[in-house]
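An overview of the molecular structure
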Amino acid sequence: MTPYGYGIVYDLTGHGVGRKLHEDPAIPNYRSRSKGIRLKAGMTLAVEPMITLGTADVEWLDDNWTVVTADGSWAAHYENTILVTDGEPEILSML
C-alpha cells in the first residue's frame, strides 16, 4: 500500500497490441528503476494503470479471466492504446 492509502497492482501490466490479444512487450503501470525497452515508431501499446483502495494483491476467479482484489476492496482500471510515431504519440483510444 502506498503512503496515500491505495495499492498499485504489480501483477498485471500493459502490453503490446498487434495480431494477438496480449503481445510483448509488457508495459509496467508503475515506476520502475530499469529503463526497459526503447520505443520505436510503429509500436502500439496498451497502457493500463490499476489501483486499489486496499491491498495491491489480486486473485483470478475460476473463469481464468476475471481479476479481483484479494481483500475485496474497490479497484480502478483504465486503459489507453497509444501508437508510437516519429513525432508526438497518438492516443488511439481517444479518437
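Going along each chain's sequence as written, the residues are numbered from 1 onward. At least 70 in pLDDT is required for a residue's local features to be given in this predicted model, at least 80 for side-chain atom pairs to be given and counted, and no such filter applies to totals for whole chains, interfaces and linings, which use all residues. Heavy atoms from the whole structure form the basis of all side-chain values; hydrogens and water molecules are not counted.

**Describing the pairing of strand E4 (residues 44-47)**
- Paired strands, in this sense, are two strands between which DSSP finds at least two bridges. Numbering of helices and strands starts at the N terminus; helices are DSSP runs of H or I of at least 4 residues and strands are runs of E of at least 2. Note that strand E2 (residues 14-16) and E4 share two bridges and pair antiparallel. Residue pairing in the sheet places His-15 in a bridge with Ala-46 of E4.
- Where E4 lies against strand E9 (residues 80-83), four bridges are found, and the strand directions are antiparallel. Counterpart to Leu-45 in the pairing with E9 is Ile-82.

**So, unusual backbone geometry**
- In this structure, the amide linkage connecting Asp-24 to the following residue, Pro-25, adopts the cis form with an omega of 5°.
- Secondary-structure assignment places Pro-25 in strand E3 (residues 23-27).
- The phi torsion at Asn-64 lies on the positive side, around 60°, for a residue other than glycine.
- Mapped onto the elements of the fold, Asn-64 is located in the loop between strand E6 (58-60) and strand E7 (67-69).

Purely spatial values, then, with no claim about function.
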